[in-house]
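# Topology and contacts: notes
Below, each chain spelled out in residue letters.
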Amino acid sequence: MSVVALAGGTGGAKLAAGLQEVVGDGLTVIANTGDDVEALGVHVSPDPDLCTYWLTGLIDEERGWGIRGDAFTVFERLVELGAPDWFGLSDRDLATCLERRRRLDAGERLTPIASGLAFALGAEATVLPMCDEPVRTRVRTDAGWREFQQYLIQDGAGPAIEEVDFAGISDARPSPEAEAAIEGAEAIVIGPSNPVISIGPILAVPGMSALLAAAEAPVVAVSPFVAGEVIKGPTDKFMRAIGREPSAAGVASAYRGVIDGLVVDAADPDPDPDEDGVATTRLDTLMSDAPARRRVAEATLGFATSLRD
Ligand code: GDP
């Protein structure tokens, strides 16, 4: 079965790992690159890399980012030498980013680089960035515009958000690889990632939402609200910042015109969202281990299949 999954680096990445268990190399993950950042002389692409680490089992599940058991030897030496210390990368993670930098400097597009790195590390699924062009999520606070990683790490996602913007988005296009995957998909799944800063940039790539809306395949999203609550990260804050309710109903409205169905967590205390043209189903969406990831993936694909004409 050909499946496309849209993902950030946590909820969507976990579901991607479950989907890979079910459909193997039939899965194509389209990952957000709005969080990309230049740091320590390398190009860091957190969400595609986190997807790759979840797909290959390299992820540090406890921490939720980076590579399990990896040392920070090179980073620590770089800091001793005077490098900025606000963005840490472990040794093998740094190797991924060094290789990405080398291939970008050689003139390659981000797409074959991301898919090549995932393949080299053993992912069965294909990992694609949302586009080849540079897009940078920025957050406006009372201190002015902050790059996303500065806001998240240096500011601890503390200051009130006045505006969110995706710099460079108007020059971005879905890559030929992403377009072909969407057109050929039998099911399209929007993972339970932050709708504003993880899925928002993907849908904002000019032409992407239209491709999804025109796809033959049903498009279903999984709500990132488990029992009505966010598991990790500032999803609530970003939902409020764009004027959406931090709830499954807010997710359904954020994806209006794109999704045919929404998976709501079985323990969500709110009534099912009542969004025109959006079917809903309920299941336990907490993916705390590999069997749970597979179970959520299977049930989500079953739901998507039930929505085909
Ligand atoms: P980031 O790229 O690291 O910011 O992460 P994402 O945007 O991909 O994911 C963040 C969202 O994942 C949060 O809103 C969490 O509530 C959600 N999330 C994390 N784990 C799970 C899970 O097991 N099930 C569901 N439904 N959502 C999850």
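The model shown is predicted, which means the values in this text are computed figures rather than measured ones.

All right, on to the overall build of the chain then. Looking only at helices and strands, one finds 12 helices and 14 strands in the chain. The C-alpha atoms of the chain give a radius of gyration of 18 Å, which matches the 19 Å a tight globule of 309 residues would have. Once the C-alpha set of the chain is aligned to its principal axes, its extents read approximately 60 × 45 × 35 Å. Here the chain holds 309 residues, and the buried ones make up 52% of them. Carbon and sulfur atoms make up 49% of the accessible area of the chain, which totals about 12,700 Å². If you average the places of the 25 positive and of the 49 negative side-chain charges in the chain, the two averages end up 3 Å apart.

Turning to helix α7 (residues 176–184), its buried residues number three or more, namely Ala178, Ala181 and Ile182. All buried residues of α7 fall inside an arc of 95° around its axis, so they share one side.

Here we take up the site of the ligand. Close to the ligand lie 21 residues; Thr10, Ser193, Ser198, Pro224 and Thr235 are nearest. Here Pro192 contributes a backbone N or O atom positioned 2.9 Å from an oxygen atom of the ligand. The backbone of Thr285 places a nitrogen or oxygen atom 2.8 Å from a nitrogen atom of the ligand. A total of 600 Å² of accessible area belongs to the ligand in isolation, and the protein chains cover 93% of it. Sort the elements by how many residues they give to the shell around the ligand and helix α1 (residues 11–23) lands first, with three residues. Looking at the shell around the ligand residue by residue, the classes come out as seven nonpolar, 11 polar and three charged.

Here we have seven strands laid out as an open sheet, ordered β5-β2-β1-β9-β10-β13-β14, and parallel in their pairing. Each end of this open sheet is capped by a strand with a single partner; those strands are β5 (126–129) and β14 (279–283). With strand direction ignored, the average angle separating the axes of adjacent strands in the sheet is 25°. Note: strand β1 (residues 3–7) against strand β2 (residues 27–31), five bridges, orientation parallel. What sits directly across from Ala5, in β2, is Val29. Set on the sheet, helix α2 (residues 46–56) makes contact with β1, β2 and β5; between it and β2 the angle comes to about 150°. Each of β1, β2, β5 and β9 (187–190) touches α7; the most contacted strand, β2, lies at about 130° to it.

So, about the state of the cysteines. Summed over all chains, the structure comprises zero disulfides. Considering cysteine sulfurs only, Cys97 is the nearest to Cys51, which forms no disulfide, with 14 Å between them.

Attention now goes to the sheet that holds strand β7 (residues 144–147). Read from one edge of the open sheet, three strands run β7-β6-β8, paired in antiparallel fashion. Because the sheet does not close on itself, it has two edges, and the strands there are β7 and β8 (163–167). Sheet twist, expressed as the mean angle between neighbouring strand axes with direction ignored, is 30°. Relative to β8, strand β6 (residues 136–141) runs antiparallel, the two being bridged by five bridges.

Rules and cut-offs
- Residues numbered from 1 in each chain as written.
- Predicted model: local features only at pLDDT ≥ 70, side-chain atom pairs only at ≥ 80, totals over all residues.
- Heavy atoms only, no water.
- Helix = DSSP H or I, 4+ residues; strand = E, 2+ residues; numbered from the N terminus.
- Rg over C-alpha atoms; globule rule 2.2 N^0.38 Å.
- Buried < 20%, exposed > 50% of the residue type's maximum accessible area, 1.4 Å probe, protein only.
- Areas by Shrake-Rupley, 256 points an atom, 1.4 Å probe, with all protein chains shown as cover.
- Lys, Arg positive; Asp, Glu negative; His and termini not counted.
- Charge placed at Lys NZ, Arg CZ, Asp CG, Glu CD.
- Arc of directions from axis to C-beta.
- Near = heavy atom within 4 Å.
- Polar contact = N/O pair within 3.5 Å; in protein donor to acceptor, adjacent residues only side chain to side chain.
- Nonpolar A, V, L, I, M, F, W, Y, C, P; charged D, E, K, R; others polar.
- Pairing = 2+ DSSP bridges.
- Axes fitted to C-alpha atoms, helices over the stretch in contact; angles between N-to-C directions.
- Contact = heavy atoms within 4.5 Å.
- Disulfide = S-S within 2.5 Å.

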